[in-house]
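Take a look at the letters that make up each chain.
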Amino acid sequence: EPVAKLENGDPDGCFLNDRCWGTYLHGILDNKTVLDDLLKRFNYNIASHHALNDFASKDAQYNKLTDTLRENLDIEYIYECLK
């Protein structure tokens, strides 16, 4: 069955069970309800972990990832391959 229905009624993703599903919905893991549902089996309370709800913190983590990739990959070569 689908994970969600889009505004136009089309199905999105595939829900096999509560441990196996996928979707193309961008930003779905930014949704507190989705995160709560995913992490409840681990007794993990999202509300007590502000970093998961703080977009500034998330942006800082993306910047760290970007810096690490740029330091360890030949970005110019990758850009050339994309042309």
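See the structure shown above.
Residues numbered from 1 in each chain as written. Predicted model: local features only at pLDDT ≥ 70, side-chain atom pairs only at ≥ 80, totals over all residues. Heavy atoms only, no water.

S.K.: Teacher, can you tell me more about the overall build of the protein here?
M.R.: Counting its secondary structure elements, the protein contains 4 helices and 4 strands. In the protein, the order of α-helices and β-strands from amino to carboxyl end is β-β-β-β-α-α-α-α. The proportion of buried residues among the 83 residues of the protein is 8%. Taking the contacts inside the protein whose residues are at least 6 apart along the sequence as the reference set, 6% of them involve residues at least 24 apart. Carbon and sulfur atoms make up 56% of the accessible area of the protein, which amounts to about 7,100 Å² in all. (Helix = DSSP H or I, 4+ residues; strand = E, 2+ residues; numbered from the N terminus. Buried < 20%, exposed > 50% of the residue type's maximum accessible area, 1.4 Å probe, protein only. Contact = heavy atoms within 4.5 Å. Areas by Shrake-Rupley, 256 points an atom, 1.4 Å probe, with all protein chains shown as cover.)

S.K.: Teacher, can you tell me more about the environment of R70 here?
M.R.: Tracing the sequence through the fold places R70 in helix α3 (residues 55–72). Of the residues examined, R70 reaches a relative accessible area of 47% and is grouped as partly exposed. Ignoring sequence-local partners within four residues, the contact set of R70 consists of I75 and Y79.

S.K.: Hey, could you run me through the side chain of D12 in this one?
M.R.: Mapped onto the elements of the fold, D12 is located in strand β2 (residues 11–12). Of note is the side chain of D12, whose polar atom sits 3.5 Å from the backbone nitrogen of Y24. (Polar contact = N/O pair within 3.5 Å; in protein donor to acceptor, adjacent residues only side chain to side chain.)

S.K.: Hey, could you run me through the pattern of salt bridges in this one?
M.R.: Two side chains of opposite charge can pair, provided their charged atoms sit close to one another. Here the structure, examined in full by the defined rule, presents 1 salt bridge. For K83, the salt bridge is made with E80, and the minimal N-O distance between the two is 3.1 Å. Overall, E80 belongs to the partly exposed group, its relative accessible area being 47%. (Salt bridge = Lys/Arg side-chain N within 4 Å of Asp/Glu carboxyl O.)

S.K.: Quick question: what am I supposed to make of a nonpolar patch on the surface here?
M.R.: On the surface, a nonpolar cluster with roughly 830 Å² of combined accessible area is contributed by Y62, L65, L69, L73, Y77, I78, Y79 and L82. At 4 residues, the largest contribution of residues to the nonpolar patch is made by helix α4 (residues 75–82). Its relative accessible area of 65% is what places L82 among the exposed residues. (Patch = residues over 30% accessible without salt bridge, like charges linked within 9 Å, V, L, I, M, F, W, Y side chains within 5 Å.)

S.K.: Looking at this model, I keep getting lost on the state of the cysteines. Mind explaining?
M.R.: Linking two cysteines covalently through their sulfur atoms gives a disulfide. The final tally for this structure, using the stated rule, is 0 disulfides. The thiol of C14 is not disulfide-bonded; the next cysteine sulfur, from C20, is found 7.1 Å away. The exposure class of C14 is partly exposed, given its relative accessible area of 46%. (Disulfide = S-S within 2.5 Å.)

Any link to function would need more than the numbers given here.
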